[in-house]
Amino acid sequence: MTSVHLEVAEGVGTIRLDRPPMNALDIALQDRLKELAEEATRRDDVRAVIIYGGEKVFAAGADIKEMQAMDHAAMVARSRALQDSFTAVARIPKPVVAAVTGYALGGGCELALCADFRIAADNAKLGQPEILLGLIPGAGGTQRLSRLVGPSKAKDLIFTGRMVKADEALTIGLVDRVVPAAEVYEQAKQWAARLAQGPALALRAAKESVDAGLETDIDTGLAIERTWFAGLFATEDRERGMRSFVEEGPGKAKFL
């Protein structure tokens, strides 16, 4: 049985984790996650993406029993594929929102970090508890968490392995919005649906400019922005957006 699915409706693709009871991220799920992230990247009918674990839990972490059976050589062979599965999500060149319910721990938290925006349930709990296993985060947590919330807050979470509730996660910038648990997916769908109506190339340019710019110095980042900015003048969406602005006023352009 497939443990993760891609469902597409009205321009929004939902990558749905489905490995009850806790959506443990075993190797099979990781590999399938990568395949679906790459599929969402390729498909023209997917213009925005939701990562969702269901009503009760986002993902409570790796499959510890599976990991316990692996020795050093096995993890050396596997660790790149583990990271690549998450990086495939982070590199989807379309708006991506994580709809976080219940636990998002370890790999679950790292998966949420791959999204552009995170909407959490008021009962959500997030964290990187790998240190309690004598490990560190291995699917991007040491890198993406520190870039998102800053090194000091990231070290606090990684060093202690403690969980944070939704309100603290919002305060430190780990999530972007907290809503009642019953509304998480609907709010994520509204966010994604709005952006699915937007100019796909400009959204891609904006995402890649921000993400690539964060990895380099300001001058190189400005060059990346400049290249994308000028390039968009060759697109039909730019023509449509400017024509609508001149003829109808701001915010009325239709890009589909």
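Just so you know, the residues in each chain are numbered from 1, in the order the chain's sequence is written. Only residues with pLDDT of 70 or above have their local features reported here, since the model is predicted, and side-chain atom pairs are shown and tallied only from 80 upward, although totals for entire chains, interfaces and linings are computed over all residues. With hydrogens and water set aside, each side-chain value is computed from the structure's full complement of heavy atoms.

Once that is clear, we can look at the overall build of the protein chain. Helix and strand assignments follow DSSP, with helices taken as H or I runs no shorter than four residues and strands as E runs no shorter than two, numbered in order from the N terminus. On a plain count of helices and strands, the protein chain comes out with 11 helices and 9 strands. Atoms counted for the radius of gyration: C-alpha only. Globule rule: 2.2 Å times the number of residues to the power 0.38. The C-alpha atoms of the protein chain give 19 Å as radius of gyration, which agrees with the globular expectation for 256 residues (18 Å, within 12%). If you line up the protein chain on its principal axes, its C-alpha atoms span 65 × 40 × 35 Å. Taking all 256 residues of the protein chain together, 43% fall into the buried category. Put simply, of all contacts in the protein chain between residues at least 6 apart along the chain, 69% involve residues at least 24 apart. Working definition: with a 1.4 Å probe on protein chains only, accessible area under 20% of the residue-type maximum means buried, over 50% means exposed, and in between means partly exposed. Contact criterion: two residues are considered in contact whenever any of their non-hydrogen atoms come within 4.5 Å of each other.

This brings us to the pattern of salt bridges. Salt bridges, as used here, are contacts in which a Lys or Arg side-chain nitrogen is within 4 Å of a carboxyl oxygen on Asp or Glu. Under the definition given, this model contains 16 salt bridges. Between R78 and D31 there is a salt bridge, and its shortest N-O distance comes to 2.9 Å. In this pair, R78 sits in helix α3 (residues 72–90) while D31 sits in helix α1 (residues 27–42), placing the two residues 47 residues apart along the sequence. A residue is classified by how much of its surface remains accessible, and R78, at 12% relative accessible area, is buried. Relative accessible area serves as the criterion here: at 31%, D31 is assigned to the partly exposed category. Put simply, R162 and D156 hold a salt bridge, and the shortest N to O gap is 2.8 Å.

Along the chain, the position of V89 falls in helix α3. Distance from V89 to V49, taken between C-alpha atoms, is 9.6 Å for residues 40 residues apart in sequence. Filtering out sequence-adjacent residues up to four positions away, V89 remains in contact with L33, A37, I51, L111 and C114.

Our focus in this paragraph is the packing of helix α9 (residues 200–214) against helix α10 (residues 218–231). Axes here mean lines fitted to C-alpha atoms, for a helix over just the part in contact, with angles spanning 0 to 180 degrees between N-to-C directions. For the pair α9 and α10, interaxial distance at closest approach is 9 Å and the crossing angle is 170°. Taken together, the axis directions place α9 and α10 in an arrangement best described as roughly antiparallel. Here R204, A205, E208, S209, A212 and G213 of α9 come into contact with α10, specifically with G221, I224, E225 and W228. When residues are grouped by polarity, Ala, Val, Leu, Ile, Met, Phe, Trp, Tyr, Cys and Pro land in nonpolar, Asp, Glu, Lys and Arg in charged, and all others, Gly among them, in polar. Here the residues of the contact of α9 with α10 sort into 4 nonpolar, 3 polar and 3 charged. Here roughly perpendicular refers to angles of 65 to 115 degrees, roughly parallel to angles under 35, roughly antiparallel to angles over 145, and oblique to all remaining angles.

By the burial criterion, the buried members of helix α5 (residues 141–149) are G141, L145 and V149. Looking straight down α5, one finds that the buried residues subtend no more than 20° of arc, so they occupy a single side. Of the surrounding elements, those touching the buried residues of α5 are α4 (107–113), α6 (151–160) and α7 (166–172). Our arc is simply the arc of the directions from the helix axis toward the C-beta atoms.

Attention now goes to the state of the cysteines. Here a disulfide denotes a covalent bond joining the sulfur atom of one cysteine to the sulfur atom of another. Disulfides are defined as pairs of cysteine sulfur atoms found within 2.5 Å of each other. Enumeration over the complete set of coordinates arrives at 0 disulfides. The thiol of C109 is not disulfide-bonded; the next cysteine sulfur, from C114, is found 10 Å away. The class of C114 is buried, set by a relative accessible area of 3%.

Our focus in this paragraph is the environment of W191. Note on placement: W191 falls in helix α8 (residues 184–196). Each C-alpha atom, one on W191 and one on I218, is 30 Å from the other, the two residues being 27 residues apart in sequence. The residues touching W191, leaving out its near neighbours within four places in the chain, are P95, V96, V97, F117 and R177.

All right, on to the sheet that holds strand β5 (residues 103–105) then. The rule for pairing is simple: two strands pair if DSSP sees at least two bridges between them. Spatially, β5-β7-β8 is the arrangement adopted by the 3 strands of the open sheet, whose pairing is mixed. The outermost strands of the open sheet, each flanked by one partner alone, are β5 and β8 (163–165). Adjacent strand axes in the sheet meet at a mean angle of 20°, parallel and antiparallel pairs treated alike.

This brings us to the pairing of strand β3 (residues 48–52). The buried count for β3 comes to 5 of 5 residues, which makes it a mostly enclosed element. Because side chains alternate across β3, one face comprises the buried residues A48, I50 and Y52, and the other comprises V49 and I51, equally buried. Where strand β2 (residues 12–17) lies against β3, 5 bridges are found, and the strand directions are parallel. By the bridge assignment for β3, T14 is matched with I50. By the bridge criterion, 4 bridges tie β3 to strand β4 (residues 96–100) in an arrangement that is parallel. Paired with V49 across the strands is V96, a residue of β4.

Strand residues, when the strand is regular, have side chains that alternate between the two faces of the sheet. Within β4, 5 of the 5 residues are buried, leaving the element largely enclosed by the surrounding structure. Where β4 and strand β6 (residues 117–121) come together, 4 bridges link them in parallel fashion. Its bridge partner being in β6, V100 is matched across the sheet by A120.

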